Amino acid sequence: MNQPSPKTALVIGATGLIGQQLVDQLLQSDQYSEVKVLVRKPFDKKHPKLVEIVYNFGQPEPNVVQGDDVYCCLGTTMKKAGSKEAFIKVDHDYPLQIARLAKQNGATQYLIVTAMGADPTSSFFYNRVKGNVEADLKEVGFAALHIFRPSLLLGNREERRLGEKIGEAVMRVFNPVMVGPLKKYRAIEASKVARAMVVAAQDPLTEQVVQGVFVHESDRMQRF
């Protein structure tokens, strides 16, 4: 049986909490011979398989948006964005831009982190934007689309916000007693989300892409 050739991964959002974990795991994976990252400015990581591409989302360059599997961990906060319009650009428009360009260039599948509660009909702006990007990505036509909806993320953030610190501390206490239907609300380590993404990218038996649209809720990701 012929072994499939190693693939190329393309990552956006590589400098975030999940993105950093994801890039490290992709570089260690035998699935990929090359890991490309689209970044707004150079970041401090060196590896023989890593290809860093400084990219301006406001001035798309279709020729550089190439890879077999596209991983999107791009996201911001209302505070950082400064407005609803700016938030939509980062959490909806840019992921969709990359998806469309990558698909035109032959990408097979797209894997994106959204959020628990993502719903295009939600009364909450954040959840509605996340739901809209999910819905729009389904129309792009990838052979496989994987959507990951984590609960509160745990991990070492470069920028620590008081509300997140308190939330993490509370969830670490209550995580063990959240069982049954409440299990999906447990806080989750960013490394587990990244691991779930890497594992979902191919069937463990055939080492091929499994076609379809797949939604991975937070409780399913906990096992990684």
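The notes below deal with the structure included here. (Residues numbered from 1 in each chain as written. Predicted model: local features only at pLDDT ≥ 70, side-chain atom pairs only at ≥ 80, totals over all residues. Heavy atoms only, no water.)

1. Points about the sheet that holds strand 5 (residues 109-113)
And then number 1: The strand order across the open sheet formed by seven strands is 3-2-1-4-5-6-9, and the pairing between neighbours is parallel. Of all strands in the sheet, those bounded by a partner on one side alone are strand 3 (50-54) and strand 9 (212-217). On average, each strand axis in the sheet is inclined to that of its neighbour by 15°, with strand direction left out of account.
And then number 2: Alignment of strand 6 (residues 144-149) against strand 9, held across six bridges, turns out to be parallel. In the strand pairing of strand 9, Ile147 is matched with Val215.
And then number 3: Packed on one face of the sheet, helix 6 (residues 190-200) meets strand 4 (69-72), strand 5, strand 6 and strand 9 and runs near 165° to strand 5. (Pairing = 2+ DSSP bridges. Helix = DSSP H or I, 4+ residues; strand = E, 2+ residues; numbered from the N terminus. Axes fitted to C-alpha atoms, helices over the stretch in contact; angles between N-to-C directions. Contact = heavy atoms within 4.5 Å.)

2. Details of the nonpolar core
Burial of nonpolar side chains together is a common tendency in soluble globular proteins.
And then number 1: Judged by nonpolar contacts, the single largest core of 31 residues is most densely connected at Val11, Ile18, Leu22, Leu26, Tyr71 and Met197.
And then number 2: Contributing elements (two or more residues each) for this core: strand 1 (7-12), helix 1 (17-28), strand 2 (32-39), strand 5 and helix 6.
And then number 3: Top element by residues in this core is helix 6. It accounts for seven residues.
And then number 4: If we skip the residues at most four places from it in the chain, Val11 touches Leu22, Val23, Leu26, Val35, Lys36, Val37, Leu38 and Tyr71.
And then number 5: Counting residues in each nonpolar core, the second largest holds 27 residues, with Ile53, Leu96, Leu101 and Val133 among its members. (Core = buried A, V, L, I, M, F, W, Y, C linked by side-chain atoms within 4.5 Å. Buried < 20%, exposed > 50% of the residue type's maximum accessible area, 1.4 Å probe, protein only.)

3. Examining the side chain of Gln222
And then number 1: Topologically, Gln222 is positioned in the segment after helix 7 (218-221).
And then number 2: With relative accessibility at 14%, the residue Gln222 sits in the buried group.
And then number 3: Polar side-chain contacts of Gln222 include one of 2.9 Å to the backbone oxygen of Ala187.
And then number 4: Not counting residues up to four positions away in its chain, the partners in contact with Gln222 are Arg186, Ala187, Ile188 and Lys192. (Polar contact = N/O pair within 3.5 Å; in protein donor to acceptor, adjacent residues only side chain to side chain.)

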